[in-house]
Amino acid sequence: MTTTPGGTDTSSDPRTHPALYDLIFGHVYASATGAVVDHGIPDLLADGPLTADELAARSGTQAGPLRRVMRLLAERGLFREGEGGAFALTGQGELLRSDVPGSQRAAVLWATHEMFRRSAEGLGDTLRTGRPGFDAAFGTPFFEYLAAAPEKARVFDDAITSATSDGVNEEVVRSYPFPGTGTVVDVAGGQGGLLREALARHPGLTGVLFDRPGTVTDHLLDGEELKGRWRTEGGDVFTSVPEGGDLYLLKNILHNWSDEDCLRILGSIRRAMTPGSRLLVIDVVLPGDGSPHPAVGLDTVMLMLMEGRERTAAEFEDLLTRSGFRLNRVVPTAALPSVVEAEAV
């Protein structure tokens with residue numbers, strides 16, 4: 001039993017259990033972080049410490065409330081309060097700036113947006129019904145909602161680009177032994193960041209960027225070094241994908257969908273492939289033994305937002321086998337995703 005000097009039993013007080021306290025008040029810390037990022041406070045501190053009064057004057061905020069929020073986040077290690085009340089960025093806080101490699105600014109704005117927050121609030125209902133919290137909160141599936149709300153889709157797209165593309169494409173191409181020649185088809189490849197990295201590192205490859213027609217028009221494949229080595233094609237991944245590829249890429253797609261939809265996607269890809277050609281599923285692979293993994297939290301986010309999920313190697317193998325593939329190996333990378341290599345049989 002834990003007691004105060006006056007003899008009061010505090011064993012049930014969450015303040016004596018830091019991990020529990022963090023769970024209970026996690027939304028407060030997230031909201032405070034989102035507020036200072038939204039007002040550009042980390043960027044204002046890029047050149048050195050400033051007081052709350054100075055920050056308030058430059059950001060159009062109120063000094064009193066700002067000082068109190070900054071003090072809270074200083075306790076969480078994002079800022080450091082020095083003599084005279086001046087605040088400075090810590091190493092973690094530097095990642096909240098908009099102009100640094102690996103910036104988490106977009107991720108913070110997404111994770112504190114009403115789309116994310118209201119979906120999280122619906123988890124209790126999700127446990128009862130199995131329905132994503134987003135659907136219950138907004139009355140429509142996640143991707144249909146984004147299609148009708150471009151400004152909100154931009155918040156999501158910026159966060160996904162920050163979290164899954166910055167540095168990830170380089171790690172994938174560095175970790176997996178791409179062939180020296182052949183045609184690479186990047187399925188649902190967005191603007192083509194991964195395909196661009198693969199073609200740049202392997203001059204003997206050619207590529208096809210496949211996604212929705214409106215997406216591939218904003219591709220990132222221009223440049224003299226790639227000239228004449230790529231083309232784009234628009235379409236629906238559930239219906240058909242370009243034929244004739246030697247290597248197909250599918251990055252951060254399957255985790256967005258239910259098993260039934262994944263089988264439709266994989267079936268569409270398999271029909272375009274010849275036996276012996278390879279498919280790389282680039283996605284998080286959860287450990288099969290229940291050991292801790294950074295993406296366990298991401299799996300709960302998927303539960304909040306849509307019918308997708310993160311999967312173990314065995315779960316990927318089941319989907320691939322049922323779609324006409326053989327799982328060859330799982331190649332880890334220094335980034336969060338792994339490369340699941342499968343062969344068409």
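Residues numbered from 1 in each chain as written. Predicted model: local features only at pLDDT ≥ 70, side-chain atom pairs only at ≥ 80, totals over all residues. Heavy atoms only, no water.

Undergrad: Would you mind going over the packing of aromatic side chains in detail, with residue names and values included?
TA: Following the criterion strictly, the structure yields 14 aromatic pairs and no others. Geometrically, the ring pair formed by F134 and Y145 is edge-to-face, given 5.2 Å between the ring centres and 75 degrees between the ring planes. Placement of the pair is F134 in helix α10 (residues 133–138) and Y145 in helix α11 (residues 142–147), with a sequence separation of eleven residues. Accessibility assignment for this pair places F134 and Y145 in one class, buried. Through successive ring pairs, a cluster of aromatic residues spans W110, F116, F134, F138, F142, F143, Y145, F156, F238 and W257. Here the guanidinium or amino end of R76 rests over the ring plane of Y29, the centre of that ring lying 4.3 Å away. (Phe/Tyr/Trp six-rings, centres within 6.5 Å; stacked < 30°, edge-to-face > 60°. Helix = DSSP H or I, 4+ residues; strand = E, 2+ residues; numbered from the N terminus. Buried < 20%, exposed > 50% of the residue type's maximum accessible area, 1.4 Å probe, protein only. Lys NZ or Arg CZ within 6 Å of the ring centre and 35° of its normal.)

Undergrad: Outline the sheet that holds strand β3 (residues 86–89), supporting the account with residue identities and numerical values.
TA: With antiparallel pairing, the three strands of this open sheet are ordered in space as β1-β3-β2. In the strand order of this sheet, the two ends are held by β1 (50–51) and β2 (79–81), each with one partner. Summarising the sheet, β1 and β3 pair through two bridges and their orientation is antiparallel. Its bridge partner lying in β3, T51 is registered against A86. (Pairing = 2+ DSSP bridges.)

Undergrad: Talk me through the nonpolar core; I want residue IDs and the actual numbers.
TA: One finds V187, Y248, L250, I269, L279, L320 and F325 to be the most contacted residues of the largest nonpolar core, which totals 29 residues. Of all the elements in the fold, those that place two or more residues in this core are β4 (182–187), β5 (205–211), β7 (247–251), α16 (259–272), β8 (278–283), α18 (313–322), β11 (325–332) and β12 (338–344). With five residues, α16 is the single largest residue contributor to this core. Residue contacts for I269: discarding those within four places in its chain leaves V187, V241, Y248, L250, L279 and F325. One finds V172, V184, L247 and V331 within the second-largest nonpolar core, a separate group that totals 22 residues. (Core = buried A, V, L, I, M, F, W, Y, C linked by side-chain atoms within 4.5 Å. Contact = heavy atoms within 4.5 Å.)

Undergrad: Run through the pairing of β11, naming residues and quoting values.
TA: In this sheet, β12 lies alongside β11 in antiparallel orientation, the contact comprising seven bridges. The residue of β12 that forms the bridge with L327 is A342. Hairpin connection between β11 and β12: a loop of five residues separates the two successive antiparallel strands.

Undergrad: So what about a nonpolar patch on the surface? Which residues, and what values?
TA: Together, L20, L23, I24, F25 and V28 make up an exposed nonpolar region whose accessible area comes to about 450 Å². Looking at the nonpolar patch element by element, the count peaks at three residues for helix α1 (residues 18–24). In this structure, F25 sits in the loop between α1 and α2 (26–38). On the accessibility criterion, F25 (34% relative accessible area) is partly exposed. (Patch = residues over 30% accessible without salt bridge, like charges linked within 9 Å, V, L, I, M, F, W, Y side chains within 5 Å. Areas by Shrake-Rupley, 256 points an atom, 1.4 Å probe, with all protein chains shown as cover. Salt bridge = Lys/Arg side-chain N within 4 Å of Asp/Glu carboxyl O.)

Undergrad: Provide a residue-level description of the environment of L72, including the pertinent values.
TA: In this structure, L72 sits in helix α5 (residues 63–75). The class for L72 is partly exposed, based on a relative accessible area of 24%. For the pair L72 and A32, spaced 40 residues apart in the sequence, the C-alpha separation amounts to 8.2 Å. Those residues in contact with L72 that lie beyond four places of it in its chain are V28, Y29 and A32.

Undergrad: Describe α5, and please don't skip the residues or the numbers.
TA: With 13 residues, α5 extends 18 Å between its outermost C-alpha atoms, agreeing within 8% with the 18 Å of an ideal straight helix rising 1.5 Å per residue. For α5, the full list of buried residues reads A63, L66, M70 and L73. One side of α5 carries all its buried residues, which in axial view fall inside an arc of 90 degrees. Residues of α5 that are exposed and point over 90 degrees away from its buried face: P65, R68 and E75. Considering only its buried residues, α5 is in contact with α2, α3 (41–44), α4 (52–59), β2 and β3. Positive backbone phi, at 90 degrees, marks G77, one or two positions downstream of α5. (Expected span 1.5 Å × (residues − 1). Arc of directions from axis to C-beta.)

Undergrad: Would you mind going over the packing of α2 against α5 in detail, with residue names and values included?
TA: At a minimum axis separation of 10 Å, α2 and α5 run at an interaxial angle of 120 degrees. With respect to α5, the element α2 is oriented oblique. In this structure, α2 crosses over α5, and the sense of that crossing is left-handed. Contacts between α2 and α5 involve V28, Y29, A32, T33 and V36 on the former and, on the latter, L66, V69, M70, L72 and L73. Taken together, the residues of the contact of α2 with α5 break down into nine nonpolar, one polar and no charged. (Axes fitted to C-alpha atoms, helices over the stretch in contact; angles between N-to-C directions. Parallel < 35°, antiparallel > 145°, perpendicular 65-115°, else oblique. Left-handed = near helix turned anticlockwise from the far one by under 90°. Nonpolar A, V, L, I, M, F, W, Y, C, P; charged D, E, K, R; others polar.)

Undergrad: Before we move on, could you go through the side chain of H113 and cite the residues and values that matter?
TA: Looking at where H113 falls in the secondary structure, it is placed in the loop between α7 (105–111) and α8 (114–121). Residue H113 is classed as buried on the basis of its relative accessible area, which comes to 18%. In contact with H113, not counting residues within four places along its chain, are K152 and V155.

Undergrad: How would you explain the packing of α8 against helix α17 (residues 296–305) if you had to name every residue and give the values?
TA: In the contact formed by α8 and α17, the axes pass within 9 Å of each other and the chain directions differ by 90 degrees. Between α8 and α17, the angle falls in the class roughly perpendicular. Contact with α8, carried on its side by M115, F116, S119 and A120, involves V301, M304 and L305 of α17 and no other residues of that element. Split into classes, the residues belonging to the contact of α8 with α17 amount to six nonpolar, one polar and no charged.

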